[in-house]
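# Commentary on secondary and tertiary structure
Chain by chain, the residues:
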Amino acid sequence: MDKPKTVKILKFHPEKCDGCLTCEQACSQVHFKTEEGGDKSAIKIIKQGDSYKMHVCDQRGLCLDMCPVGALTRKKNGVVWLDKKTCIGCQACVGFCPIGAMRKSEARIEPFKCISCGACVRACPKSALELTEVKLDEIPEVVYHKQGAE
Amino acid sequence: MVEGQIPIEEYETGNTKHRWDLKKIKTAHHIVKKYEYKKGKVEKGYANRTLYINLSTNEIKEKKVTEDMKKKFTGGRGFGLKLLWDSIKPTTRWDSIENELIITTGPLCGTTQYPGSGKSLCLTISPSTDIICDSNVGGFFGPYLKFAGFDAIEIQGKAKHDVVIIVDGEKGEIRVETAPLEETNSHLLAEQLTHMYASEDTDKSRQKISVVSAGKGAEHSYWGCLNFSFYDIRRNVPRLKQAGRGGLGTVLRNKNIKAIVAKVEQFDGVSNNPADPVTLAKVGTKLHREIRDLDRYQCNMRAVGTVHLVEIMDEYDLLPTENYRFGSFPKASKIYSPEFFKQFTKIIPDGCWHGCTMACAKTVDGFTVKTGPYKGQKVTVDGPEYETCGCGSNMSLWDPFWILEFNFYCDTYGLDTISTGTAIAFYMEMYEYGILNKKRCDGLELCFGNADATLELMHRIAKGDKAEFIQIAGKGIRRVKDWLIKKGWGDPQLINDCGMESKGLEYSEYVTKESLAMQGGYGLTLKGPQHDEAWLIFMDMVNNAIPTFEDKAEALHYFPMWRTWFGLNGLCKLPWNDVEPANNAETDEPSKVPEHVQNYVDYQNAVTGWNVDKEELILQSERCYNWQRAMNVWMGRGRRKDDWIPYRSMGPVTEMEYNSRKERYDKQLVEKLGLSEKQIEKMDTKEKIQKLYDYRQDQYQKLADAVYYRRGWTPNGVPTPQKMKQLRMDDPKMLKMLQEKIDEDEKAGLSIWGGKYGHGEKPPTIEKHYWEK
């Protein structure tokens, strides 16, 4: 099987964002069939002074090696995918994600993450989000022990 | 893609592939007994029933777990003690028909969110010690047993022919099947049975099977361990973790059990049905993050496992070398952790239960076996762990590959590496002194460092070789000491001082000469000298944090109770203090790791729905700890005389040992014994050894006095009925028995303090019957 060489990841244009969080609502609709957003959203928009920043998985896939049951795989399109049915809810991926992008909601034991589906992009009224294709090799390598706990 | 990342499906171990006719092997099975049960749900950590199998009568039944049983015994090892008390007699020995092999789980066992939550606790009457031995082990069996419906499995009686017991949680069925054609040795048997009983030919299916087995070595020695398998979807092999101590595997084979197989239908992160899964995930994730950020700078478990200890122990003169004569050695750097890191396969995760990110279970894949029946084959070696490396140094084997070879054969033969290594180290020392020689060893040149002879001894034990030495050697140090003395081959005192066993069990791998508290940590234990009750060397020797007898006694109360708690719950102890919060040193009691103690309080409450605090955790342990000691008393043991330890663990036995650390010992003669330097100059080494000998023996007895007093026992080490009542362990039969034993001791004049108290010194109390107040 050919290994995927590229993956689509989210790109954020803070200058366009007005903090309406429609993206989070769209995301929680995908993962939990609810418009609550917040802890049920894989994308997070955080207010920072007068501006906003986005916090989401960049598909670097360090978590792949953490999963004891093989529930995390890289799909053909390059996206890191968590198979809920295989997952046994150990939270190893949540604890070890160096950027805290593997999320856990109180609604269920299995975590969830951004799958680059584009629901947030389509929902954003200000076009502050887009999906861009990047080369997997160019995603910055991160070693666990250099990361702070965030 | 991250450098070094290997997709699951692409990893190759390079191991020798075996092709078996599994159909033929399975067709040869004959069902001895089948028992159907109603599949149940685990509620707040408990399956609420245990499984009883009698292989002599073919009776299989379920026993209810009552609320009273949970309150008194918590679970895990506690349940095992309760089941044993109900089933055995004080005269029961390891090979008695009524002896049981018990595997228990514990309410927190099987949790996936908190690292180290997959331990099984195994109990039996040990061939080595003739009392209860408990041993904890990772692997998938415990969690699967519970998810299949049982908090414990209890096996009594003996099968007529070799059998496999299957706990089939998919069908809701227990089967006892004859198993004539399977291999006996674990690395092959676990693979055969994993493939045979998996519902589908997939790794996912194979991961739902766990096999408990022993091996040929367990059949022919008292060192039998139990191998618990956990199927690794990356390596495509069932890996093995060992319940090593006390001959559990010997009992398994004596019952003609080839293996016990547990199978689950499915499980997930909440199969324990915890009361509060949200808190559970929060506490677990917090620890995952701590391990992520700090392990690298602390124990480095994720990279090298427990082997990181080798260099530390060597540095502090604690690494047992040449049968504990020395604590460090010039060649030791050859087996430091970097040497093993080179061999370990660097793929993760390596937890022996899901979700353990401490991941200390390292392997060497594609290891080429050098000797014995599997010579030339390539295999996966699980380990070595620190203890196994310590056996290497103890036998003076300074080659990582020989340690791996030793490790591999111990595991597959079902031999405990610790007992095997410590015992062989003793035989080697006796060889050096000429007490043993080539003829007496049936042709083996068993001198320090002879790896070939070490392996040859193991192969011959596994083959059931009938030669006199081979037969007795496999029964361990205590039997060999008696044998050597009976033969009149050496000075009995030298033999008794050098043989590192207590209660009949071989020591694990730490030099305790300079830490009195740790001598107690090995000697004042329930099952024998194993470091799982207390590890106080640094606290005592390096940091001098517990200088008085009272301080040491307090530590020998708290830590054994605290560590016992893990075994009641089905947990591993490592995530408690082998990673510590960054600010731990600034807390009131760093040695207790207060934040992690609180984690465990929150964890137990989150699973069980109880509302306990940290004091209650200690009480849970104290109930079971005293119960087990009381059972030892019931079996005619559990007194001061049984807490005897060999002098090698207290101080220098030989002149060579004394002179190798002369400065240290001379200084102690001045500072501790009050001798003048002039007096010392006039003394020869023998005299100095004798002075130190008398002093240290007395120190140990004084320590025992303080500890018995602190634990609420009589001066002869018997738990009192008053203490048991106070703990609400009020079984009338138990209380009556204890009172009778105490009365017997009094009559025999044994209820007295053991230390010799001079000017300005006092025993813990002068009050008679202090426990009655």
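Here the structure is a predicted model, which is why all the values come from computation and not from measurement. (Residues numbered from 1 in each chain as written. Chains lettered and ligands numbered in written order. Predicted model: local features only at pLDDT ≥ 70, side-chain atom pairs only at ≥ 80, totals over all residues.)

## Some details on the overall build of chain B
Rules: Per the convention used, a helix needs a DSSP run of H or I reaching at least four residues, while a strand needs a run of E reaching at least two, with both numbered from the N terminus. The globule rule used here is 2.2 Å times the number of residues to the 0.38 power, and the radius of gyration it is set against is calculated over C-alpha atoms. Any residue with 12 or fewer other C-beta atoms within 10 Å of its own C-beta is exposed, any with 20 or more is buried, and the rest are partly exposed; the C-beta atoms used are placed from the backbone.
When its secondary structure is counted, chain B shows 31 helices and 17 strands. Whereas a compact globule of 773 residues would reach a radius of gyration of roughly 28 Å, chain B reaches 25 Å, a difference of no more than 12%. Looking at chain B residue by residue over its 773 residues, the buried ones come to 57%.

## Quick look at the overall build of chain A
To keep it simple, the criterion reads: Contact definition: two residues whose C-beta atoms, as placed from backbone geometry, lie within 7 Å.
The number of helices and strands found in chain A is three helices and six strands. N-terminal to C-terminal, the α/β element order of chain A is β-α-β-β-β-β-α-α-β. Taken over the C-alpha trace, chain A has a radius of gyration of 15 Å; the compact-globule value for 150 residues is 15 Å, and the two agree within 12%. Split into buried and exposed, the 150 residues of chain A put 42% on the buried side. Taking the contacts inside chain A whose residues are at least 6 apart along the sequence as the reference set, 59% of them involve residues at least 24 apart.

## Notes on the sheet that holds strand 3 (residues 59-64) of chain B
Sheets are built from strands paired through backbone hydrogen bonds, the pairs being either parallel or antiparallel. All names here are of chain B. Here is the rule we go by: Paired strands, as defined in this entry, are two strands with at least two bridges between them according to DSSP. To get an axis, fit a line to the C-alpha atoms, keeping to the stretch in contact for a helix; angles then go from 0 to 180 degrees between the N-to-C directions.
Pairing within the open sheet is mixed, and its six strands lie in the order 3-2-7-4-5-6. Each edge of the open sheet is held by one strand with a lone partner, namely strand 3 and strand 6 (132-137). Sheet twist, expressed as the mean angle between neighbouring strand axes with direction ignored, is 15°. Taken together, the five bridges between strand 4 (residues 100-104) and strand 7 (residues 152-156) define a ladder with antiparallel strand orientation. Across the sheet, the residue bridging to T104 is A152, located in strand 7.

## Describing the sheet that holds strand 10 (residues 209-213) of chain B
Residues and elements named next belong to chain B. Read across the sheet, seven strands follow the order 1-9-8-13-10-11-12 without closing on themselves; strand pairing throughout is mixed. Edge positions in the open sheet fall to strand 1 (31-36) and strand 12 (237-243), since each of these has one partner strand only. Strand-to-strand twist in this sheet, taken as the mean axis angle between neighbours without regard to direction, amounts to 15°. Here strand 11 (residues 226-232) runs beside strand 12; their pairing, made up of seven bridges, is antiparallel. Along strand 12, the bridge assignment pairs D232 with V237.

## A short note on the packing of helix 13 (residues 386-394) of chain B against helix 15 (residues 417-432) of chain B
Residues and elements named next belong to chain B. As a reminder of what qualifies: By the definition adopted for this analysis, an angle is roughly parallel if under 35 degrees, roughly antiparallel if over 145, roughly perpendicular if from 65 to 115, and oblique otherwise. Put simply, Ala, Val, Leu, Ile, Met, Phe, Trp, Tyr, Cys and Pro go in the nonpolar bin, Asp, Glu, Lys and Arg in the charged bin, and everything else, Gly too, in the polar bin.
At their nearest, the axes of helix 13 and helix 15 sit 9 Å apart, and the two run at 10° to each other. If you check the angle between helix 13 and helix 15, you find them roughly parallel. On helix 15, the residues that touch E387, T388, C391 and N394 of helix 13 are T417, I418, G421, T422 and A425. The residue inventory of the contact of helix 13 with helix 15, partitioned by class, reads three nonpolar, five polar and one charged.

## Quick look at the packing of helix 25 (residues 614-634) of chain B against helix 31 (residues 732-747) of chain B
All names here are of chain B. Heads up, the rule is: Definitions for this section: a left-handed crossing has its near helix turned counterclockwise from the far helix by less than a right angle. A right-handed crossing has that turn clockwise.
With their axes 10 Å apart at the nearest point, helix 25 and helix 31 run at an angle of 60° to one another. Our classification of the angle between helix 25 and helix 31 gives oblique. Handedness of the helix 25/helix 31 crossing: left-handed. From helix 25, A630, V633 and W634 reach across to helix 31, where they touch M734, M737, L738 and K741. Across the contact of helix 25 with helix 31, the residue classes break down as six nonpolar, no polar and one charged.

## A closer look at helix 29 (residues 685-711) of chain B
Quick note on the threshold: The length a helix should cover is 1.5 Å for every residue beyond the first.
When the terminal C-alpha atoms of helix 29 of chain B are compared, their 38 Å separation across 27 residues agrees well with the 39 Å that a helix rising 1.5 Å per residue should span. Within two residues after helix 29 of chain B, B:G712 carries a phi angle of roughly 80°, on the positive side.

## Some details on the confidence of the model for chain A
Detailed reading of the predicted coordinates is not advisable wherever pLDDT falls low. What counts, and what does not: pLDDT runs from 0 to 100 and stands for how confident the predictor is about each residue.
Looking at chain A, pLDDT values average 90 and 91% of them are 70 or higher. pLDDT under 50 marks residues 142-150 of chain A. Its contacts with residues more than four places away, or in other chains, come to 12 contacts.

## Some points on the pairing of strand 8 (residues 163-168) of chain B
Consecutive side chains along a regular strand alternate between the two faces of the sheet. All names here are of chain B. Across the six residues that make up strand 8, a large majority, six, are buried. Of the two faces of strand 8, the one carrying V163, I165 and V167 and the one carrying V164, I166 and D168 are both buried. As paired elements, strand 8 and strand 9 (residues 173-178) share six bridges and run antiparallel to each other. What sits directly across from V163, in strand 9, is T178. In textbook terms, the turn of a hairpin is the stretch between consecutive antiparallel strands, and for strand 8 and strand 9 this stretch comprises four residues, one of which, G172, has a positive phi near 70°. Pairing of strand 8 with strand 13 (residues 257-263) involves six bridges; the strand directions are parallel. Bridging across to strand 13, V164 finds its partner in A259.

## Some thoughts on the domain arrangement of chain B
Residue and element names in this part refer to chain B. Which entries qualify depends on this criterion: The source of the domain bounds is an automatic or database domain assignment.
Once the domains are mapped, chain B shows domain 1 (9-263), domain 2 (305-343 + 362-506) and domain 3 (516-772). A C-alpha centroid distance of 33 Å is found between domain 1 and domain 3. If you look at the interface, domain 1 gives 34 residues, while domain 3 gives 29 residues. Mapped onto the side of domain 1 that touches domain 3, the elements with two or more residues apiece are helix 2 (67-73), helix 3 (77-87) and strand 6. Partitioning the side of domain 1 that touches domain 3 into residue classes produces 13 nonpolar, 15 polar and six charged.

## Some details on helix 16 (residues 451-463) of chain B
All names here are of chain B. Compared with the 18 Å implied by 1.5 Å per residue over 13 residues, the 18 Å span of helix 16 between its first and last C-alpha is a close match. For helix 16, the full list of buried residues reads A451, A453, T454, L457, M458, R460, I461 and A462. Taken together, the buried residues of helix 16 touch helix 7 (216-219), helix 14 (400-413), helix 15 and helix 17 (468-473). A positive backbone phi angle near 80° is found at G464, which sits one or two residues after helix 16.

## Points about the confidence of the model for chain B
For chain B, the mean per-residue pLDDT works out to 96, and 99% of the residues sit at or above 70. Both scores are given for the predicted complex: the pTM is 0.96, the ipTM 0.93.

## Some points on the nonpolar core
Burial of nonpolar side chains together is a common tendency in soluble globular proteins. In plain terms, the rule: Linking buried Ala, Val, Leu, Ile, Met, Phe, Trp, Tyr and Cys residues through C-beta atoms within 7 Å yields a set, and such a set is a nonpolar core.
Residues A:C63, A:C93, B:L226, B:V261 and B:Y427 are the most contacted members of the largest nonpolar core, which totals 249 residues. Other than its neighbours up to four places away in sequence, B:V261 contacts B:V164, B:I166, B:V167, B:L193, B:Y197, B:I209 and B:V211.

## With respect to the environment of B:W562
Residue and element names in this part refer to chain B. By the element assignment, W562 lies in helix 22 (residues 549-569). Residue W562 is classed as buried on the basis of its 22 C-beta neighbours within 10 Å. Through-space distance from the C-alpha of W562 to that of K208 is 32 Å; in sequence the pair is 354 residues apart. Setting aside residues no more than four positions away along its own chain, W562 makes contact with I618 and S621.

## Some remarks on unusual backbone geometry
Most peptide bonds take the trans configuration, and most residues that are not glycine carry a negative phi. Cis geometry marks the peptide bond from B:G383 to B:P384; its omega dihedral reads 0°. Relative to the helices and strands, B:P384 resides in the loop between strand 15 (378-382) and helix 13. The phi angle at A:S116 is positive, at roughly 50°, despite the residue not being glycine. With respect to the helices and strands, A:S116 occurs in the loop between helix 2 (92-96) and helix 3 (119-123). Given 26 C-beta atoms within 10 Å, A:S116 falls into the buried group. Backbone geometry at B:N236 places phi at a positive 60°, although glycine is not the residue there. You can see B:N236 is positioned in the loop between strand 11 and strand 12.

## Section: the environment of B:S229
All names here are of chain B. With respect to the secondary-structure elements, S229 resides in strand 11. Considering only alpha carbons, one finds S229 and V212, 17 residues apart in sequence, at a separation of 6.5 Å. Look past the residues within four positions of S229 in its chain and what remains in contact with it is G139, A190, T194, S210, V211, P238, R239 and L240.

## Remarks on the environment of B:E622
Residue and element names in this part refer to chain B. Following the sequence through the fold, E622 ends up in helix 25. For E622, a count of 21 C-beta atoms within 10 Å gives the class buried. Linking E622 and H557, residues 65 residues apart in sequence, is a C-alpha distance of 9.1 Å. For E622, the residues in contact, after removing those within four places along its chain, are M561 and L727.

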